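# What the coordinates show
So the chains spell out like this:
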Amino acid sequence: MVVLIARYQVSPGNAEQVLAELEEMATYVGQDEPGCLRYQVCRSVEDPNLLVLYEAYADHEAFQAHRETAHFQRIIEGRVAPMLHAREREVLEPVIG
């Protein structure tokens, strides 16, 4: 299993649009990516412009396939990324549990 934690610091005024784009992304992931075990978007209660994505994939191949999909390129790279002030990600492998 591979887990991705992505932190999106959204530029002011763009949070609702980014959330709408991520909701569309979640639909495509659910329909077209059987290797994605979980795709969850969380919003900070202290900073409404901070979104954290929690994604779990069956393996490295499924994770890489996700990044190569047309919907990832169109929605995340094409529409979401330009609305972000900062974007960080951590790729993790579970070791306990």
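Sequence order as written defines residue numbering, which begins from 1 separately in each chain. Under the rules for a predicted model, residues below a pLDDT of 70 receive no local features and side-chain atom pairs below 80 are neither given nor counted, while totals for whole chains, interfaces and linings still include all residues. Heavy atoms from the whole structure form the basis of all side-chain values; hydrogens and water molecules are not counted.

## Some details on the sheet that holds strand S3 (residues 50-57)
The pairing of strands in a sheet comes from backbone hydrogen bonds and takes either a parallel or an antiparallel form. A pair of strands is treated as paired once DSSP finds two or more bridges between them. Runs of E in the DSSP output that reach at least two residues are strands. Runs of H or I that reach at least four are helices, and both are numbered from the N terminus. Pairing is antiparallel in the open sheet, where four strands are placed in the order S2-S3-S1-S4. Looking at which strands have only one partner, the edges of the open sheet turn out to be strand S2 (36-43) and strand S4 (84-92). The sheet shows a mean angle of 15 degrees between the axes of neighbouring strands, direction not considered. Both strand S1 (residues 2-10) and S4 contribute to a ladder of eight bridges, which runs antiparallel. Only C-alpha atoms enter the line fits that serve as axes; for helices the fit covers just the stretch in contact. Angles between N-to-C directions range over 0 to 180 degrees.

## Structural notes on the pattern of salt bridges
Here, a salt bridge means any side-chain nitrogen of Lys or Arg that lies within 4 Å of a carboxyl oxygen of Asp or Glu. One pass over the full model with this rule turns up four salt bridges. Measuring nitrogen to oxygen at the nearest pair gives 2.8 Å for the salt bridge that ties Arg79 to Glu21. Pair noted here: Arg79 is in helix H3 (residues 70-80) and Glu21 is in helix H1 (residues 15-32), with a separation of 58 residues, a long-range link. When a residue's accessible area, from a 1.4 Å probe over protein chains only, is under 20% of the maximum for its type it is buried; when over 50% it is exposed; and in between it is partly exposed. Judged by relative accessible area, Arg79 falls into the partly exposed class, the value being 29%. Residue Arg79 is joined to Glu24 by a salt bridge in which the shortest nitrogen-to-oxygen separation is 2.9 Å. On the criterion of sequence distance, the pair formed by Arg79 in helix H3 and Glu24 in helix H1 is long-range, its members being 55 residues apart. For Glu24, a relative accessible area of 29% corresponds to the partly exposed category. One network of salt bridges, in which partners are shared, links Glu21, Glu24 and Arg79.

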